[in-house]
Amino acid sequence: MTGFLKPLRGWHVLVMVLVFFGVTIGVNATFITLALQTFPGEDVPHSYVQGLEFNDTIARRQAQDELGWSARFNAVDGVLLLEVLDAGAAPVSGLELSGEMVHPDTTQACPLVFTEDRPGVYRVVLACETAGRWRVRALNQGDAPFEVEYELWLP
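Residues numbered from 1 in each chain as written. Predicted model: local features only at pLDDT ≥ 70, side-chain atom pairs only at ≥ 80, totals over all residues. Heavy atoms only, no water.

1. Let's talk about the overall build of the protein chain
Step number 1: Within the protein chain one finds 3 helices and 8 strands.
Step number 2: Along its sequence from the N terminus, the protein chain presents helices and strands in the succession α-α-α-β-β-β-β-β-β-β-β.
Step number 3: Taken against the 2.2 N^0.38 rule, which gives 15 Å for 155 residues, the C-alpha radius of gyration of the protein chain at 27 Å runs more than 25% over that of a compact globule.
Step number 4: For the protein chain, the spread of C-alpha atoms along the three principal axes comes to 95 × 40 × 20 Å.
Step number 5: Across the 155 residues in the protein chain, those meeting the buried criterion constitute 23%.
Step number 6: Long-range pairs, those at least 24 residues apart, make up 52% of the contacts in the protein chain between residues at least 6 apart in sequence.
Step number 7: Put simply, the protein chain shows about 11,000 Å² of open surface, and 61% of that area lies on carbon and sulfur atoms. (Helix = DSSP H or I, 4+ residues; strand = E, 2+ residues; numbered from the N terminus. Rg over C-alpha atoms; globule rule 2.2 N^0.38 Å. Buried < 20%, exposed > 50% of the residue type's maximum accessible area, 1.4 Å probe, protein only. Contact = heavy atoms within 4.5 Å. Areas by Shrake-Rupley, 256 points an atom, 1.4 Å probe, with all protein chains shown as cover.)

So, in C-alpha cells, the structure goes:
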C-alpha cells in the first residue's frame, strides 16, 4: 500500500491553491457580470445630478404638500386614468401632466402624455403592455407643483 499513495509535493500544493483561487475568481466574475447585466445599479438616470438638485426637489414636495392634492390611478383595458383631487375633494382641472412608466429591470420605459378626459380625470393610452410590475410617474408641466408616483401591475 505504500506504493499506492505518492507523497504530497510543493508543486501539488501550488496547483491546488491556484485551482482553488481560479475557480473562486471565475465564479465571482460570472456573478458580478450577471448582476450588472440584470440591474445596473441606478434607479434613475443621472442620479448624481438628481442628488445635486435634491434641495429643489424638497422645496417642490413641500409646495405640493401645502396644496393638499391627492391622486388615484386606475388601469382599465389598456388605458390609465389618473384622478386628481384638491384638499376639499374637488376635481383639479387644467393640469399639463406627462410622465413615464418604468419596468423594474430599467431596460423598458414608456413615455406618458395625459389628456384631460373630464374635470380632474386625466387619461393616457398605455403604449407598454408588457405584463408585470411598473412604476408610473406623472408630473405637472404647468405652474402648480404636482408629482405623483404609483406602482401598477399589468396582467
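That shown, we press on.
2. Notes on the sheet that holds strand 5 (residues 115–118)
Step number 1: Across the sheet, which stays open at both edges, the 4 strands sit in the order 1-2-6-5 with antiparallel pairing between neighbours. Each end of this open sheet is capped by a strand with a single partner; those strands are strand 1 (70–76) and strand 5. Pairwise comparison of adjacent strand axes, ignoring direction, gives a mean angle of 30° for this sheet.
Step number 2: Alignment of strand 5 against strand 6 (residues 121–125), held across 3 bridges, turns out to be antiparallel. Pairing of R118 across the sheet is with V121, part of strand 6. (Pairing = 2+ DSSP bridges. Axes fitted to C-alpha atoms, helices over the stretch in contact; angles between N-to-C directions.)

3. Description of the nonpolar core
Step number 1: Core analysis: the largest hydrophobic core is formed by 23 residues, its most contacted members being L80, L82, V84, M101 and F114.
Step number 2: Within the residue set of this core, elements represented by two or more residues are strand 2 (79–85), strand 3 (97–102), strand 4 (109–113), strand 6, strand 7 (132–140) and strand 8 (147–154).
Step number 3: Residue contacts for F114: discarding those within four places in its chain leaves L80, L82, L97, S98, Y122, R123, V124 and A138. (Core = buried A, V, L, I, M, F, W, Y, C linked by side-chain atoms within 4.5 Å.)

4. So, the sheet that holds strand 4
Step number 1: Spatially, 4-3-7-8 is the arrangement adopted by the 4 strands of the open sheet, whose pairing is antiparallel. With one partner strand each, in any of the chains shown, strand 4 and strand 8 form the two edges of the open sheet. Between one strand axis and the next, the sheet turns through 20° on average, direction left out of account.
Step number 2: Direction of pairing for strand 3 relative to strand 4: antiparallel, over a ladder of 5 bridges. Of the residues in strand 4, the one forming a bridge with M101 is C110.

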